[in-house]
Amino acid sequence: GQQLNQSPQSMFIQEGEDVSMNCTSSSIFNTWLWYKQDPGEGPVLLIALYKAGELTSNGRLTAQFGITRKDSFLNISASIPSDVGIYFCAGQQGSNFGNEKLTFGTGTRLTIIP
Amino acid sequence: ETGVTQSPTHLIKTRGQQVTLRCSSQSGHNTVSWYQQALGQGPQFIFQYYREEENGRGNFPPRFSGLQFPNYSSELNVNALELDDSALYLCASSSRLAGVSDTQYFGPGTRLTVL
């Protein structure tokens, strides 16, 4: 099945550093979402974006919906140990009947070096 | 408010067997979606259920089937298990009103191992 291209695949950073990751698609999406998944858990929604060009923040997290509707990025400022995990982007064609399936990226694994 | 729950947590089966996974949707949610997440990959959409009917299906064979019950809980059934079916199976629930769905919230998943 289709998966979105997410980069980088993994990141090793020190506590306090800023993090940036992005996601690209060959298809247009009308909604972009960012999830975080911890080991043994399901994905947890971090940020949802509904309009091209939209920039949205959630605490130390900031995400943008690309103008072309084919990409999105996520920034994490001043990383802390609990930021460790795998981050997934997901695109959604729409929220109406039959278009709600999520297409996920390949994931970015974030590790904080002591 | 009760979140999405799934059972069992872990399951081990052998090739050719059949398996049933269960999901209880979050309180107030009427739509359930199932995803398969292979090791090191992002989740892949299997299908979605609304009003006890399948509403949209991903690229999965007919041996993957499901049910939704009047209380909105759901089952995923997989027949004739293959080694490649080993994965984390995730259930996500959402609320659909007037044809428009809200955000999908995921359960913790069921880890299926096929030997």
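Description of the structure in this document. Within every chain, residues take consecutive numbers counted from 1 along the sequence as written. Chains and ligands are labelled by the order in which they are written, letters from A for the one and numbers from 1 for the other. Residues qualify for local features only when their pLDDT is at least 70, as the model is predicted, and side-chain atom pairs are given and counted only at 80 or more; totals for whole chains, interfaces and linings, by contrast, use all residues. Side-chain numbers come from the whole structure's heavy atoms, not from hydrogens or water.

1. Focus: the packing of aromatic side chains
Ring geometry is summarised as follows: Phe, Tyr and Trp rings, the Trp one being its six-membered ring, pair when their centres sit within 6.5 Å, and such pairs are stacked at plane angles under 30 degrees, edge-to-face over 60 and tilted between the two. Counted according to the given criterion, the structure contains ten aromatic pairs over all chains. Taking the centre distance of 6.0 Å and the plane angle of 70° together, the rings of Phe104(A) and Phe106(B) count as edge-to-face. Of this pair, Phe104(A) sits in strand 10 (residues 102-104) while Phe106(B) sits in strand 12 (residues 105-106), on two different chains. Categorising residues by exposure relies on relative accessible area from a 1.4 Å probe, with only protein chains included: less than 20% of the type maximum marks a residue as buried, more than 50% marks it as exposed, and the intermediate range marks it as partly exposed. Using a relative accessible area of 12% as the deciding quantity, one classes Phe106(B) as buried. Taken together, a centroid distance of 5.1 Å and an interplanar angle of 65° make the contact between Phe60(B) and Phe64(B) edge-to-face. In this structure, Phe60(B) and Phe64(B) share a single accessibility class: buried. An aromatic cluster is defined as three or more aromatic residues linked by ring pairs; in this entry it consists of Tyr35(A), Phe88(A), Phe104(A), Tyr35(B), Phe45(B) and Phe106(B). Each helix is a run of H or I in the DSSP string that is no shorter than four residues. Each strand is a run of E no shorter than two, and both are numbered from the N terminus.

2. Quick notes on the state of the cysteines
When the sulfur atoms of two cysteines come within 2.5 Å, that pair is taken as a disulfide. Counted by the stated rule, this structure contains two disulfides over all chains. Disulfide pairing places Cys23(A) opposite Cys89(A) at an S-S distance of 1.9 Å. Residues Cys23(A) and Cys89(A) are joined by a disulfide whose S-S torsion is about 45°; by sign, that bridge is right-handed. One end of the pair, Cys23(A), is in strand 3 (residues 19-24); the other, Cys89(A), is in strand 9 (residues 85-92), and 66 residues separate them in sequence. Each member of the pair, Cys23(A) as well as Cys89(A), is classed as buried. Two residues, Cys23(B) and Cys91(B), share a disulfide whose sulfurs are 1.8 Å apart. Disulfide Cys23(B)-Cys91(B): torsion about the S-S bond near -55°, hence left-handed.

3. Looking at the sheet that holds strand 3 of chain A
Residue and element names in this part refer to chain A. For two strands to be treated as a pair, DSSP must find no fewer than two bridges joining them. With antiparallel pairing, five strands are arranged side by side in an open sheet as 1-3-8-7-6. Edge positions in the open sheet fall to strand 1 (5-7) and strand 6 (55-58), since each of these has one partner strand only. Here the strands of the sheet are splayed against their neighbours by 15° on average, with no regard to which way each runs. For strand 3 and strand 8 (residues 71-76), the ladder comprises six bridges, and the chain directions are antiparallel. Counterpart to Val19 in the pairing with strand 8 is Ile76. Angular values range over 0 to 180 degrees, each being the angle between N-to-C directions of two axes fitted as lines to C-alpha atoms, with helices fitted over their stretch in contact.

4. Structural notes on the environment of Gly58(B)
All names here are of chain B. Along the chain, the position of Gly58 falls in the loop between strand 6 (53-57) and strand 7 (64-68). The class of Gly58 is buried, set by a relative accessible area of 17%. Measuring from C-alpha to C-alpha, the distance between Gly58 and Leu88 comes to 16 Å, with 30 residues separating the pair along the chain. In contact with Gly58, not counting residues within four places along its chain, are Phe45 and Ile46. What makes two residues a contact is simply this: any of their non-hydrogen atoms within 4.5 Å.

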